[in-house]
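# Breakdown of the fold
Residue-level listing of the chains:
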2 protein chains.
Amino acid sequence: MSGANDQALRARAERVIPAGMYGHQSTNFLPPNAPQFFAKAKGSYLWDYDDKKYLDFMSGYGPNLFGYCNDEVDTAYKEQMDRIDVATGPTGLMVELAEAFCNRVTHADWAAFCKNGTDATSMALMTARAHADKRKVLIASGAYHGAANWCTPFPSGTLPEERAHFIYYQYNDAESLHAAAAEAGDDLAGIFASPFKHDVLVDQELPDLEYAKAAREICNEKNALLIVDDIRGGFRIERDCSWHAMGIEPDLSSWGKAIANGHPLSCLLGSERAREAFKKLYVTGSFWFSGAVMAASLKTLELIDSTDYLEHTIMLGDQLRSGLSKVAANYELNISQTGPSQMPLIMFNDDEGNRDMTIGGAFADGMIKRGVYFHPFHNMFINAAMTEKDIALAVETADEVVKDIRSA
Amino acid sequence: MSGANDQALRARAERVIPAGMYGHQSTNFLPPNAPQFFAKAKGSYLWDYDDKKYLDFMSGYGPNLFGYCNDEVDTAYKEQMDRIDVATGPTGLMVELAEAFCNRVTHADWAAFCKNGTDATSMALMTARAHADKRKVLIASGAYHGAANWCTPFPSGTLPEERAHFIYYQYNDAESLHAAAAEAGDDLAGIFASPFKHDVLVDQELPDLEYAKAAREICNEKNALLIVDDIRGGFRIERDCSWHAMGIEPDLSSWGKAIANGHPLSCLLGSERAREAFKKLYVTGSFWFSGAVMAASLKTLELIDSTDYLEHTIMLGDQLRSGLSKVAANYELNISQTGPSQMPLIMFNDDEGNRDMTIGGAFADGMIKRGVYFHPFHNMFINAAMTEKDIALAVETADEVVKDIRSA
């Protein structure tokens, strides 16, 4: 169970927040040792309200790329806040930042900034439909593209009409994608694709080139727009759109989470082909033109350019993966480690090879209890402030936890 | 025309942002002297990139309540940013802030925080539908409740299906509301109401008690939820929900803009009656659990309690209204000043009494040219950092501008 102060906060929260907490940061589906609230963050570490320290493998579910409370990024934010932040018009930083994204991301000829990842995917959906005034949109079954009415994974409070004209296909299955496109006929507006399959609870899959090529070709043939939803994977896979290394350039890509190292910013990037469609939309938000967050994002892009953060997080991810593999082998545990190693999903299977959430839950709980924050069913995020020593500590801790599980 | 540096920024923006700018802060529909970009803000003043200073009557389209770069609020934000901001879980400030809102707003028994005003109205819509698993929602024709697929005022890129089961009524018209409710039959989920009619381009109207009572009674009779969308008006009309003074308490109210004095925060407040419905939703966002913005909001609520900001802005609004009335009378101009005086909408009519956007546009343009930022067709926002001298300056400037218009 989490500490006494955390429990006291939960009791207060229960009265003034429905169910005590909502959304992806609710601990209602997490193991008992996971604290609901955190009091302090620095680099790769978190402290709860009972002064317990955690090496954090969730990085805020993605936003933390260069370490919590990163001095360079936060100083840029604060200095801009003292000049001008949210006001009656944007600052010139918005132009600089749009230029920086267009320089960095191969397919991008323009940018539109917003706040939530869901704003960016919603704008992508609207842009695709406005492009040639068509309606059908292909979405991979089980993929997460946000929590608005049209995409929240739990449909309470939404209407079937809000998902009219979506056709679902199987990720990485070119045949299934072709079938969905055929079903759309001449009414195909766009195709959504995650950079890799990062659904919760199931093994992650890197993208298959044949599938990605099919998505691009269908969009070319049918005058539809290809959307890569890079909110979770953006800048964690490539210093460009995540499909760039495969040679596939989308028409639209949605970004969020890490692009301002934890400060609230998301954006939609588009190619020339999609520009006129975006011009037709009316999309906006009270805080979308904030100068401070754009200063933070410019600094984050600078760090992306000037540091080896990407190679470093991949190296640490590989170290974690091989370390955990050895631990699992030693104790004859059937472990699934999938996805890019810097965005690892770690799940457990029983001796027959079936997914075993009981072992997975006990493993995450044991890690958290010992001060290493692991998630039992969501991909995790290695951040650039982590060190080889941190990973070694995580592997040692895993050894202890697995030993306990085996002896229980 | 705006200055040379502003024009240069616009030219750069044109290349990397569709149409040069999007959303409510685009100057594409504003008079030529309105700068697109601002370089500095302090209190009630803005500076553009050509070092021109403006007394700003837009307050960032609402977020600025206690002055730009407010030291107390911004210090709270920065200090919390140094401890922990966006992380793997919320901070205890989220509980404190939910408690503070529930203490302050009579109808509120719980709070759920988000980023955009549109997030709060979208959650209200979903909560109303989840409450008794019904679909129809009544919305005042022409009212603005955000810019998501289901509510953006310009429907390019959206589908008619996304607005299925909305029934439109006339604001302040109890009869029209009853007719809409009758049309909904036993499928009524909720009624949206702005705190007062603050649509663009038309005169504002304070709420009619009979209409507000009818909305409450229909929701009681039909087990539907009444939603007051207080994003624009919240804490600018009352230190409570804006309908509190009329004795009408909604089940849900949506808040945003000014609640953290410019820092990005919105929220949905609910009564006990609506709690179970909200529990059924899956709504979330990467940055919704930010500690820094909650620290800023707690400080803003403290200022709401401890200062005469409300009486001060009303007094200044009255001063502006009577000053402009005199100017208009002197020059025999037919001027419409509507809405709460602290959220004034100022429009011009021709000698036959018909709306005259040419005079209105020329008036706003002349004001902006002389350093007083007025909007030609959106309600404005008096902020608490303004002084009687500021208002006197605005009225003097209006006198000069109107004189020019009359002599032209």
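Turning next to a nonpolar patch on the surface. Taken together, the side chains of V200(A), L201(A), V202(A) and M357(A) make up a nonpolar region of the molecular surface, amounting to roughly 290 Å² of accessible area. Position of V200(A) among the secondary structure elements: in the loop between strand 7 (188-193) and helix 6 (209-222).

All names here are of chain B. Judged by how many residues are buried, strand 4 (residues 110-114) sits mostly within the fold: five of five residues are covered. Judged by which residues are buried, strand 4 turns out to be covered on both faces: W110, A112 and C114 on one side and A111 and F113 on the other are all buried. Pairing of strand 4 with strand 10 (residues 266-270), which is carried by five bridges, proceeds in the antiparallel orientation. Looking at strand 10, one finds that F113 is bridged to C267.

Bringing the side chain of D229(A) into the picture now. Residue and element names in this part refer to chain A. Topologically, D229 is positioned in strand 8 (residues 225-229). This buried residue, D229, is left without a salt bridge; R232 holds the nearest opposite charge, at 7.7 Å. Polar side-chain contacts of D229 include one of 2.7 Å to the side chain of H145. In this structure the side chain of D229 is engaged in a polar contact, spanning 2.9 Å, whose partner is the side chain of S254. Setting aside anything within four residues of it in sequence, one finds D229 in contact with T121, Y144, H145, A193, S194, P195 and S254.

This part covers the pairing of strand 5 (residues 136-140) of chain A. Residues and elements named next belong to chain A. Across the five residues of strand 5, five count as buried, placing the element largely inside the fold. Of the two faces of strand 5, the one holding K136, L138 and A140 and the one holding V137 and I139 are both buried throughout. In terms of strand pairing, strand 5 meets strand 7 through three bridges, oriented parallel. Note on strand 7: the bridge partner recorded for K136 is L188.

Expressed as a screw transformation, the operator carrying chain A onto chain B has a rotation angle of 180 degrees and an axial translation of 0.0 Å, and the superposed copies differ by an RMSD of 0.0 Å. The superposition of one copy onto the other is thereby described by a two-fold rotation axis. Both copies contact each other with a shared surface, as 100% of the interface residues of chain A are interface residues in chain B too.

Here the focus is the sheet that holds strand 13 (residues 372-373) of chain B. Residue and element names in this part refer to chain B. Read across the sheet, four strands follow the order 1-2-3-13 without closing on themselves; strand pairing throughout is mixed. Pairing within the sheet leaves two strands with one partner each, and these edge strands are strand 1 (38-42) and strand 13. Of the strand pairs in this sheet, strand 2 (residues 45-48) and strand 3 (residues 53-56) are connected by three bridges, and their pairing is antiparallel. Note on strand 3: the bridge partner recorded for Y45 is L55.

Note: most peptide bonds trans; most residues except glycine with negative phi. Residues and elements named next belong to chain B. The backbone of D133 sits at a positive phi, close to 55 degrees, despite the residue not being glycine. Note that D133 resides in the loop between helix 4 (117-132) and strand 5 (136-140). Residue classification places D133 among the exposed positions, given a relative accessible area of 70%. Positive phi outside glycine occurs at F235, with the angle close to 65 degrees.

At a minimum axis separation of 11 Å, helix 2 (residues 71-83) of chain A and helix 2 (residues 71-83) of chain B run at an interaxial angle of 180 degrees. With respect to each other, helix 2 of chain A and helix 2 of chain B are oriented roughly antiparallel. Where helix 2 of chain A abuts helix 2 of chain B, its residues D74(A), Y77(A), K78(A), M81(A) and D82(A) lie against D74(B), Y77(B), K78(B), M81(B) and D82(B).

We now examine empty space enclosed by the protein. The full count for this structure, using the stated rule, is six cavities of 30 Å³ or more. Roughly 380 Å³ of volume is contained in the largest cavity. When residues of the lining of the largest cavity are traced back to their parent elements, those giving at least two are helix 4 (117-132) of chain A together with helix 4 of chain B. Grouping the constituent residues of the lining of the largest cavity by class yields 14 nonpolar, 10 polar and four charged.

This part is about the interface of chain A and chain B. At the interface, 100 residues of chain A touch 100 residues of chain B. Summed over both sides, the interface between chain A and chain B buries roughly 8,600 Å², with carbon and sulfur atoms accounting for 61% of that surface. Summed over the three residues of chain A that lose the most area to chain B, namely Y22(A), T88(A) and Y282(A), the buried surface amounts to 10% of that side. A salt bridge links D82(B) to K78(A), with the nearest nitrogen and oxygen atoms 2.5 Å apart. Between the two partners, chain A and chain B, sit 45 residue pairs in polar contact (both at pLDDT 80 or more).

Criteria and thresholds
- Residues numbered from 1 in each chain as written.
- Chains lettered and ligands numbered in written order.
- Predicted model: local features only at pLDDT ≥ 70, side-chain atom pairs only at ≥ 80, totals over all residues.
- Heavy atoms only, no water.
- Patch = residues over 30% accessible without salt bridge, like charges linked within 9 Å, V, L, I, M, F, W, Y side chains within 5 Å.
- Areas by Shrake-Rupley, 256 points an atom, 1.4 Å probe, with all protein chains shown as cover.
- Salt bridge = Lys/Arg side-chain N within 4 Å of Asp/Glu carboxyl O.
- Helix = DSSP H or I, 4+ residues; strand = E, 2+ residues; numbered from the N terminus.
- Buried < 20%, exposed > 50% of the residue type's maximum accessible area, 1.4 Å probe, protein only.
- Pairing = 2+ DSSP bridges.
- Lys, Arg positive; Asp, Glu negative; His and termini not counted.
- Polar contact = N/O pair within 3.5 Å; in protein donor to acceptor, adjacent residues only side chain to side chain.
- Contact = heavy atoms within 4.5 Å.
- Least-squares fit on C-alpha atoms with pLDDT ≥ 70 in both.
- Axes fitted to C-alpha atoms, helices over the stretch in contact; angles between N-to-C directions.
- Parallel < 35°, antiparallel > 145°, perpendicular 65-115°, else oblique.
- 1 Å grid on protein atoms, 1.4 Å probe; cavity = no way out; pocket = protein on both sides within 12 Å on 5 of 7 lines; lining within 4 Å.
- Points joined across faces, edges and corners; volume = space filled by probe spheres on them.
- Nonpolar A, V, L, I, M, F, W, Y, C, P; charged D, E, K, R; others polar.
- Buried area = accessible area lost by both parts, 1.4 Å probe.

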